[in-house]
Amino acid sequence: MVRLSMVMVIMMVKGVVEAQAIELSYPGLITVFHLGKEVVSGIIDAWDLLENVDNMTLPFQKNRDKKILQRINVLSSQISASQASMSDDFRQYVQNAILLSTYREKFIARFERLHQRIGALNRRERTMNAMLEASEAVEQLTLTQFALATVDLSKTDNVIDLLHGIEELVSGEHLVLPPGQQDIFYQINEVAKSTICTFGLSAQQILYLLHDAIAMSELKGYLMMQFSYLVLKAQGRGNFTVESQARREELQSRLNRTQALLQRAMEQTSREYWRCDPETRAHRENETFLQFTRLVQGYIENEVDMNTENTCRESCAHYQYGHRQEQCYKELYCSRQPKCNGRIYECEYVDSDMWICPAAHQSQRRYEFIEYENGLVRGHKSYCARGSTKVDSWWRWIFWHCSYCFCLCDDNGPRSDRYVSLRESVSDIDQNRVVTGLRFVKQGRVMHLLVQQGLLLPQAEIENRTLEWLSPPDAFSVLAKGAREGRDYHTLTYDKRALDLDDVHVHPGYVLTGVRFRLLGTHLNLEIRMTEMNFTSGKLLDHDKSIWIGNDNTVDRTELILQQPDVPTRSLSKSVPDSTSRQYIRFGPSDRNQDAAQTTVPFIDAQPVYTHKAVPLSGAGLLHKGQPKYGGFVAPKLFTYNFTAHIQ
């Protein structure tokens, strides 16, 4: 019978340590493991557990016997504490992603079988812990039944077969698939490629999480088998030294094979992470998206008002670049709409006469819709709250037609939000903080790219309690004293409205500690700050030698052109990335027919981008995501720290 005092039980509970990542060098055990040092040391000691025990008898009453049982219980509890959230989180992430994946039918059954086997091991382990922690005596028959169910190969679902079954599901050697595509890490990676934004983790983090769950299940099984051999040996049923040695070798072999599969998969797995769109119709301005306003906007103007001679000798097509409203001839329609105080571009003739529905006074739009006499409607026709205005072109004498043109207005007025901060947003490297997330915010009509920071720990872990979003650096208004164009902020205009879409990666041995925008020619260009890190100690090095880097390429870039872009929040489908690094995009008007060119697109994705398990970052980037014929969103993306180099 097993009888442990309440004092010993309390000691066991206190022995549970907080999980943290450490790197193991013990041959064949595991790669980077989310366990405390005490757990790892205990597991290594447990290799020789059975070989070093002689003359153990039931009931377990000697101090030495109790210490051995206590060590098994503490180790098991610590592994369980580390694995609990990991397994639950992984199951949730993967199931959500599988439901959206084209690989659903192939993969979900395999994943469910794996989860069932891990669950069976967890249930058995809880039974073992209950016996070890029982305040009342545990009958020898109960111990015998548990031990035989664990290690007797003739019993159904013994632990030895459960562990072999897990290995078979991981390796996939029984599947009729091309070599290299059979293992579970490869299949998880295929799922992650198409659904990564649903995980809350990068694809490489997912693989790592799965590996940890599998490896800790192996260790749980090993401890249960050692405990069972101790029970059977104490009952005089055999020595079990050979069997114990066989279990050790099997464990080493399985972990080695799993590690090799993981390393191969991680070398080919993306570390990027970005956010999915919210659910349809769930977009909220300043929460899920931001926008520049009245940057280059659709505008109705008569050609007579766009020249100093007050003539109609030209056509609308003549007024293509940088004209102005010079006067308001006879106080016609020009007197009934807000004047374009900036430059006028890209005019075209559509039809002589039209009905114009003006937007609400507080709207960023000028018009809700325009209906031409020929039947063409620009914008979405609906009830016109302010009443439509009939606008007619006219003839001057016999020869000149004074046409109303549809143009673009670049008017940097008080209702146009078109500023981008050039000030840096950086983590506090003096306090060993690194960047763990990115988000866009708009404050004081200025768009800022800001960072989340967290305390860096040994083995590239992050202290979750220290995570915080930084505020805009010295939040400022473009009208504030000392705020300078080109140094503190950039003003978007018709000629300077391009944004480079780049992925920028830190050098090996460095981590991300800051971001900022700069002007590269007339383009806004992303730069990142990187700081050297000691992986083992988790300390940032040479703070004064942090480096700002970006993509300086100004020659080989290609423009991502939006075709007939409607307002992105009208799309019924979620956006998908459609840009590549070294492209650029111009902020401009929405489609003339779909939206009367009233909205500046693309929008900015305002959702904070961070992984659910915080890690240092090895890079950052900007992408465009959208759907055909919609303006889409510019969004930040992250590159999580690359652990591949630390797999040994």
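Relevant structure appears above.
**Here we look at the sheet that holds strand 13 (residues 404–410)**
Reasoning step 1: Ordered by their spatial adjacency, three strands build an open sheet running 5-13-6, and the pairing between neighbours is antiparallel. Edge positions in the open sheet fall to strand 5 (297–302) and strand 6 (343–348), since each of these has one partner strand only. Each strand axis lies, on average, 40 degrees off the axis of its neighbour in the sheet, ignoring direction.
Reasoning step 2: Pairing of strand 5 with strand 13, which is carried by six bridges, proceeds in the antiparallel orientation. When the bridges of strand 13 are listed, Gln-297 appears paired with Cys-409.

**Notes on the pattern of salt bridges**
Reasoning step 1: Taken as a whole and judged by the stated rule, the model has 34 salt bridges.
Reasoning step 2: Taken together, the shared-partner salt bridges connect Arg-365, Glu-368, Asp-566, Arg-570 and Asp-595 into one network.

**Points about the pairing of strand 5**
Reasoning step 1: The element strand 5 is extensively covered by neighbouring structure, given that six of its six residues are classed as buried.
Reasoning step 2: Here strand 5 shows no split at all, with Gln-297, Tyr-299 and Glu-301 on one side and Gly-298, Ile-300 and Asn-302 on the other all buried.

**So, the state of the cysteines**
Reasoning step 1: Using the criterion set out here, one finds seven disulfides in the structure.
Reasoning step 2: Through a disulfide, Cys-312 is tied to Cys-402; the S-S separation comes to 1.9 Å. Handedness of the Cys-312-Cys-402 disulfide follows from its S-S torsion of about 95 degrees: it is right-handed. With Cys-312 in the loop between strand 5 and strand 6 and Cys-402 in strand 12 (residues 400–402), this residue pair connects regions lying 90 residues apart in the sequence.

**Points about the packing of aromatic side chains**
Reasoning step 1: Enumeration over the complete set of coordinates arrives at 17 aromatic pairs.
Reasoning step 2: Seen in terms of ring centroids, Tyr-208 and Phe-643 are 5.2 Å apart; in terms of plane orientation they differ by 20 degrees. Their pairing is stacked. Taken together, the residues Tyr-208 in helix 8 (residues 203–234) and Phe-643 in the segment after strand 34 (633–640) connect sequence positions 435 residues apart.
Reasoning step 3: Take Tyr-208: its relative accessible area is 7%, and that puts it in the buried class.
Reasoning step 4: Where Phe-535 meets Phe-643, the ring centres are 6.3 Å apart and the plane angle is 75 degrees; that geometry is what we call edge-to-face. One end of the pair, Phe-535, is in the loop between strand 23 (523–534) and strand 24 (539–541); the other, Phe-643, is in the segment after strand 34, and 108 residues separate them in sequence.
Reasoning step 5: A connected cluster of aromatic rings, assembled from ring pairs, spans Tyr-208, Phe-535, Tyr-641 and Phe-643.
Reasoning step 6: Sitting above the plane of the Trp-355 ring, Lys-390 keeps its charged end 4.8 Å from the centroid.

**Concerning the sheet that holds strand 10 (residues 389–392)**
Reasoning step 1: Reading across from one edge, 9-8-7-10 is the order of the four strands in this open sheet, with antiparallel pairing throughout. Each edge of the sheet is formed by a strand with only one pairing partner; in this case those strands are strand 9 (377–379) and strand 10. Strand-to-strand twist across the sheet, computed as the mean angle between neighbouring axes with direction ignored, equals 20 degrees.

How each quantity is defined
- Residues numbered from 1 in each chain as written.
- Predicted model: local features only at pLDDT ≥ 70, side-chain atom pairs only at ≥ 80, totals over all residues.
- Heavy atoms only, no water.
- Pairing = 2+ DSSP bridges.
- Helix = DSSP H or I, 4+ residues; strand = E, 2+ residues; numbered from the N terminus.
- Axes fitted to C-alpha atoms, helices over the stretch in contact; angles between N-to-C directions.
- Salt bridge = Lys/Arg side-chain N within 4 Å of Asp/Glu carboxyl O.
- Buried < 20%, exposed > 50% of the residue type's maximum accessible area, 1.4 Å probe, protein only.
- Disulfide = S-S within 2.5 Å.
- Phe/Tyr/Trp six-rings, centres within 6.5 Å; stacked < 30°, edge-to-face > 60°.
- Lys NZ or Arg CZ within 6 Å of the ring centre and 35° of its normal.

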